[in-house]
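Now for the letters of each chain:
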Amino acid sequence: MSVQLINAKVGSPSWPPVMAGRQFRPARLSDMPRLKNLIDAAVRHLGGRDYSRQQIESSLQYIFGADTPQLIADGTYYVVEIDGQLAGAGGWSKRKTLYGGDQAKAETEDNRLDPSRDAAKIRAFYVDPHRARQGIGRQLLRVCETAARQAGFTRLELMATLTGMPLYPACGFRVVTPAEIEMPDGIRLPVAKMEKIITSP
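Sequence positions are assigned chain by chain, starting from 1 and proceeding in written order. Given that the model is predicted, a residue must reach a pLDDT of at least 70 before its local features are reported, and side-chain atom pairs must reach 80 or more before they are shown or counted; all residues, however, enter totals for whole chains, interfaces and linings. As a convention, hydrogens and water are excluded, and side-chain values are obtained from all of the structure's heavy atoms.

Enquirer: With reference to specific residues and values, describe the nonpolar core.
Expert: If you look at the biggest cluster of nonpolar residues, it comprises 27 residues, and the most contacted ones within it are W92, I122, Y168 and F173. Broken down by element, this core gets its largest block of residues, seven residues, from helix α5 (residues 136-150). In what follows, a contact means two residues having at least one pair of non-hydrogen atoms within 4.5 Å. The contacts of Y168, once residues within four sequence positions are left out, are F125, L141, L158, A160, F173 and M194. Remark: nonpolar core denotes a set of buried residues (Ala, Val, Leu, Ile, Met, Phe, Trp, Tyr, Cys) joined through side-chain atoms within 4.5 Å. Partly exposed residues are those whose accessible area sits between 20% and 50% of the maximum for their type, while under 20% is buried and over 50% is exposed, using a 1.4 Å probe and protein chains only. Counting 23 residues, the second-largest nonpolar core is a separate cluster that includes I39, Y77, A124 and I181. Helix numbers and strand numbers start at the N terminus; a helix is a DSSP run of H or I with at least 4 residues, a strand a run of E with at least 2.

Structure, rendered in structure tokens:
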């Protein structure tokens, strides 16, 4: 993996980075049909190891999804393509919403974070089940961390599913507190709030 390309500023001549045949780029609204398929496959096949079928279906309805109006419009949501196929997606946010797709928004008109005191949010990470455990999530995290640092943030925060728990500690995150998300149908989803201090490379 090229650290030089990982550290390239978004929008610079060296962006988007290409690493080991993987093309990273900001997501576009035209990606949404493929993103929906990726999210459904990742949650059902990878999440099925940690959650019940009821939890999976409820979470797909009420929580999981790409936050299109914010992340894609803000240019902070990225996709990874291998041979033209969508292999993974994930992003970060300078807004207060911590997790969830279009269904879960911070209910404030001006919900931008202050880098001097707030943590940037790591959001909506999904990997094609056929590409799991190939380092895609880890590379996406480095892209997001670099972009958040360039925007002035010194901390990252996320809400991890049980499925994501092996990845995040390996990338420097620590558990702040275990939690449960209660969905509108009463089904609960165990998760964990995690954070990481980011410093200059």
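Enquirer: Account for the packing of aromatic side chains, naming residues and giving values.
Expert: Centre distance within 6.5 Å is the pairing criterion for rings of Phe, Tyr and Trp, where only the six-membered ring of Trp is used; planes under 30 degrees apart are then read as stacked, over 60 as edge-to-face, and the remainder as tilted. The tally for this structure, following the rule as stated, stands at three aromatic pairs. When the centroid spacing of 5.9 Å and the interplanar angle of 70 degrees are considered together, the rings of W92 and F153 count as edge-to-face. With W92 in strand β4 (residues 85-93) and F153 in the loop between α5 and β6 (155-161), this pair connects stretches of sequence that are 61 residues apart. Classification of F153 as buried rests on a relative accessible area of 3%.

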